[in-house]
Amino acid sequence: MISKKALAAHQAACEANESGYIDPDSGYFVMTSYHLRARKECCGNGCRHCPWSREEQKAAGRPNTPFYPWPE
């Protein structure tokens, strides 16, 4: 599950039209749904904030694994 701090960071980055944000829990750079939608198609990599439907993700080659957080 994504933390409330991470969701707040994502929302703030989207409102500022930014490509991503630094996850407050992990320190990793995470792309925003705003940025991913601007790419015009799903990359199939299973991005945390992917705005595309499951059908579009599958067509793009997303592996059949659960959404974030990835299994250990």
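For the structure given in this document, a descriptive report is provided here. (Residues numbered from 1 in each chain as written. Predicted model: local features only at pLDDT ≥ 70, side-chain atom pairs only at ≥ 80, totals over all residues. Heavy atoms only, no water.)

### A short note on the overall build of the protein chain
Piece 1. Of the regular secondary structure elements, the protein chain holds three helices and two strands.
Piece 2. What you see in the protein chain, going N to C, is helices and strands ordered as α-β-β-α-α.
Piece 3. Burial statistics for the protein chain: of 72 residues in total, 28% are counted as buried.
Piece 4. Summarising the internal contacts of the protein chain: among those between residues at least 6 apart in sequence, 13% fall at separations of at least 24.
Piece 5. With the model as given, the accessible surface of the protein chain reaches about 5100 Å², and the carbon-plus-sulfur share is 53%. (Helix = DSSP H or I, 4+ residues; strand = E, 2+ residues; numbered from the N terminus. Buried < 20%, exposed > 50% of the residue type's maximum accessible area, 1.4 Å probe, protein only. Contact = heavy atoms within 4.5 Å. Areas by Shrake-Rupley, 256 points an atom, 1.4 Å probe, with all protein chains shown as cover.)

### With respect to the environment of Cys14
Piece 1. Among the structural elements, Cys14 can be located in helix 1 (residues 4–15).
Piece 2. Given the relative accessible area of 19%, Cys14 is considered buried.
Piece 3. Each residue touching Cys14, except ones within four places of it in the same chain, is listed here: Thr32, Ser33 and Tyr34.

### Describing the pattern of salt bridges
Piece 1. With the rule as written, the count across this model stands at one salt bridge.
Piece 2. Linking Asp23 and Arg48 is a salt bridge whose minimum nitrogen-to-oxygen distance equals 2.5 Å. Of the two residues, Asp23 is situated in the loop between strand 1 (20–22) and strand 2 (29–31) and Arg48 in the loop between helix 2 (33–38) and helix 3 (54–59); the sequence distance between them amounts to 25 residues. This pair shows no difference in class: Asp23 is buried, exactly as Arg48 is. (Salt bridge = Lys/Arg side-chain N within 4 Å of Asp/Glu carboxyl O.)

### Focus on the nonpolar core
Across soluble globular proteins, you tend to see nonpolar side chains buried next to one another.
Piece 1. The biggest cluster of nonpolar side chains holds five residues, and these are Leu36, Cys42, Cys47, Cys50 and Trp52.
Piece 2. Sequence-distant contacts of Cys42, that is, excluding residues within four places in its chain, are made with Cys50, Trp52, Glu56, Gln57 and Ala60. (Core = buried A, V, L, I, M, F, W, Y, C linked by side-chain atoms within 4.5 Å.)

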